Amino acid sequence: MGTVFDIIIIGGGIAGMSAAAELARDHKVCVLEMEPAAGYHATGRSAATFVPSYGPPAFRALAQASEGFFTAADPQFWPAPLLSPRGEVMLIAAGEEAHIAEGEALGLAHMPLDELQRRVPLLKRDALVAALIDEAARDIDVDLMLQGYARLVRARSGEIVFRTRVTGFTRHYGAWQVQTAGGESYSAGMVVNAAGAWASEVARLAQAQAINITPKRRSAMLLDLPADCAPDDWPLCFGAGETFYFKPMGGRLMLSPADATPVDPHDAWADDMALAEAVEKFQQVMDFEVTHAGQTWGGLRSFANDGNPVAGFDDTQDNFLWLAGQGGYGIQSAPALSRLAAALVNTGQPPADIVAAGLEPATVSPSRLSQQ
Ligand SMILES: Cc1cc2nc3c(=O)[nH]c(=O)nc-3n(C[C@H](O)[C@H](O)[C@H](O)COP(=O)(O)OP(=O)(O)OC[C@H]3O[C@@H](n4cnc5c(N)ncnc54)[C@H](O)[C@@H]3O)c2cc1C
């Protein structure tokens, strides 16, 4: 039979850890994570930004419904602020004017180029025709957020087991028997699939719905700027149409080509060609010659075919809950998505505040994807 729990959560990224914390309020939960630490994959590789205007409507609603958590998280588990000011600026070059209306529709405000250049002194003012700013964009302390959720799981008597890869499922009198690579087996009435890039693979093992969750690689590098240039207060800047972006990170500048190349799930690394293209675009708008790359990394952003998250019970397997397809918005939406997951388990209904924020539950349900 193995160790018995109410709910086993597969994946110790932000999705699995936040859901475990919410579910541990009322259930005996266990997180199974194949890596030696939480957040090793997508969660530990993000741009760590909260941008409520970013993404499809379902994600914007989830970000809005998450904001209260970020600004008022329980200090016992999150002893420092989770958000800090940043701002996000859409850079518009000649020929890209069509994106202005897009930014305006999302509530971004026009920013005079002189003012932008005061904030980002290396900017080539003449390379742009306009800029739009979203002042609501903030930085997220992702490590603090994730570790706080892990502390909450343990405080609510949940368990987190690392170095434990789920390799198969069977049923014993209806309960899930979860097999792992180490030979250990775990038993639970319910499983939550929060396996990120591996979500389709985990579903296949459980003979659940065949939903395509496609991992897409995104690359990034850190640039060292001249010694007299302190970028800490610069806003995140992105090319209109999300062609590249850069933002301060720990005294250096993170630069990403905003690539989204479909790949199989794996321990991702950066695409050097994509990074070279980002450097070229960066140098078109910044008065700075990149002579060498600092640290580089890659991460997988995982998407359902329609770009919305997959949060809800499987159509074919009882007591199999999906929590996948968070794309490039999984950190900023995790507080609401984890509350949604717990509410679906406990009451079968989404929380009223998340619906009031604009989430249409059918747009995130696995059922919408059964015919794909
Ligand atoms: C470069 C980049 C920038 C980003 N920027 C932002 C941003 O600014 N803001 C934002 O909100 N989001 C951002 N994202 C997206 C965000 O990182 C993801 O949406 C989020 O981390 C997904 O969390 P997750 O828990 O689903 O996935 P993961 O963090 O990948 O966690 C899934 C876990 O499941 C485990 N697992 C898989 N299979 C098994 C198995 N069989 N057994 C046991 N464990 C298993 C894995 O080891 C992994 O730890 C960015 C992503 C990238 C790559």
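Small disclaimer: the values here were computed from a predicted structure and weren't measured.

Undergrad: For this particular structure, what's the right way to read the site of the ligand?
TA: Around the ligand, the structure places 38 residues, and the nearest of them are Glu33, Thr43, Val166, Gly327 and Gln332. Interatomic distance of 3.0 Å between a backbone N/O atom of Ala15 and an oxygen atom of the ligand. Residue Met34 places a main-chain N or O atom 3.1 Å away from a nitrogen atom belonging to the ligand. Going through the elements one at a time, helix H1 (14-23), strand E18 (296-304) and helix H8 (330-346) are the ones with two or more residues in the shell around the ligand. Here the shell around the ligand is built from residues that sort into 17 nonpolar, 15 polar and six charged.

Undergrad: Help me understand the side chain of Ser66 in this model?
TA: Secondary-structure assignment places Ser66 in helix H2 (residues 57-71). Side-chain polar atoms of Ser66 contact the backbone oxygen of Gln332, separated by 3.3 Å. Dropping the residues within four chain positions of it, Ser66 is found in contact with Gln332, Ser333, Ala334, Pro335 and Ala336.

Undergrad: I keep staring at the pairing of strand E14 (residues 236-239) and nothing clicks. Help me out?
TA: The two faces of the sheet receive side chains in turn, since in a regular strand these alternate between them. Burial along E14 is two-sided: Leu236 and Phe238 and Cys237 and Gly239, pointing in opposite directions, are all buried. Sheet topology note: the strand E5 (residues 88-92)/E14 ladder contains four bridges and is parallel. Paired with Glu88 across the two strands is Leu236, which belongs to E14. In the sheet, E14 pairs with strand E15 (residues 245-249) via two bridges, with the strands oriented antiparallel. Note that in E15 the partner of Cys237 across the bridge is Phe246.

Undergrad: Quick question: what am I supposed to make of the environment of Tyr149 here?
TA: Looking at the secondary structure, you find Tyr149 in helix H5 (residues 142-155). Separated by 126 residues in the primary sequence, Tyr149 and Leu275 have C-alpha atoms spaced 33 Å apart. Setting aside its immediate chain neighbours within four residues, Tyr149 contacts Ile14, Met17, Ser18, Ala21, Phe69, Trp78, Pro335 and Ser338.

Undergrad: What is the right way to look at the side chain of Asp139 in this model?
TA: When you line up the elements, Asp139 lands in strand E8 (residues 138-140). Within polar-contact distance, the side chain of Asp139 engages the side chain of Lys247 at 2.7 Å. Leaving out residues up to four positions away in the same chain, Asp139 has contacts with Ala48, Leu82, Leu83, Ser84, Arg86 and Lys247.

Undergrad: Sorry if this is basic, but what is going on with the sheet that holds strand E3 (residues 49-50) here?
TA: By way of backbone hydrogen bonds, the strands of a sheet pair with one another, either parallel or antiparallel. Spatial strand order, E3-E8-E4: three strands in an open sheet with antiparallel pairing. Both outer strands of the open sheet, E3 and strand E4 (83-85), are each paired with one neighbouring strand and no more. Here E3 runs beside E8; their pairing, made up of two bridges, is antiparallel. Counterpart to Phe50 in the pairing with E8 is Arg138.

Undergrad: I keep staring at the nonpolar core and nothing clicks. Help me out?
TA: The nonpolar side chains of soluble globular proteins are, as a tendency, buried together. Formed by 59 residues in total, the largest nonpolar core has its most connected members in Ile9, Met17, Trp78, Met145 and Leu323. Among the secondary structure elements, those contributing two or more residues to this core are strand E1 (3-10), H1, strand E2 (29-32), H2, H5, strand E12 (185-193), strand E20 (320-324) and H8. Among the elements that line this core, the one with the most residues is H8, at nine residues. Ranked by size, the runner-up nonpolar core spans 32 residues in total, among them Val161, Val191, Val202 and Leu369.

Undergrad: Looking at this model, I keep getting lost on the pattern of salt bridges. Mind explaining?
TA: Two side chains of opposite charge can pair, provided their charged atoms sit close to one another. Under the counting rule described, the total for this entry stands at 13 salt bridges. The salt bridge partner of Glu22 is Arg25, with a shortest N-O separation of 3.3 Å. Assessed through its relative accessible area of 13%, Glu22 is described here as buried. The class for Arg25 is exposed, based on a relative accessible area of 52%. Counted as one network, the salt bridges with shared partners bring together Arg86, Asp139 and Lys247.

Rules and cut-offs
- Just so you know, the residues in each chain are numbered from 1, in the order the chain's sequence is written.
- Totals for whole chains, interfaces and linings use all residues, but because this is a predicted model, local features are given only for residues with pLDDT of at least 70 and pairs of side-chain atoms are given and counted only at 80 or more.
- Computation of side-chain values: all heavy atoms of the structure, hydrogens and water removed.
- For each residue, the test is whether any non-hydrogen atom lies within 4 Å of the molecule or strand; if one does, the residue is near.
- Within 3.5 Å is the distance limit for a polar contact, defined as a pair of N or O atoms, with the added protein rule that one can donate a hydrogen and the other accept it, and that residues adjacent in sequence qualify only through two side-chain atoms.
- Labels follow the DSSP assignment, with helices taken as runs of H or I lasting at least four residues and strands as runs of E lasting at least two, numbered in each case from the N terminus.
- The residue classification treats Ala, Val, Leu, Ile, Met, Phe, Trp, Tyr, Cys and Pro as nonpolar and Asp, Glu, Lys and Arg as charged. All others, Gly included, are polar.
- When checking whether two residues touch, look at their non-hydrogen atoms; a contact exists if any pair is within 4.5 Å.
- For the exposure calls, accessible area comes from a 1.4 Å probe over protein chains only, and a residue counts as buried if that area is under 20% of its type's maximum, exposed if over 50%, partly exposed in between.
- When DSSP finds two or more bridges between a pair of strands, those strands are recorded as paired.
- Buried residues of nine kinds, namely Ala, Val, Leu, Ile, Met, Phe, Trp, Tyr and Cys, make up a nonpolar core once their side-chain atoms join them within 4.5 Å.
- We define a salt bridge as a side-chain nitrogen of Lys or Arg found within 4 Å of a carboxyl oxygen belonging to Asp or Glu.

Purely geometric numbers; function is a separate question.
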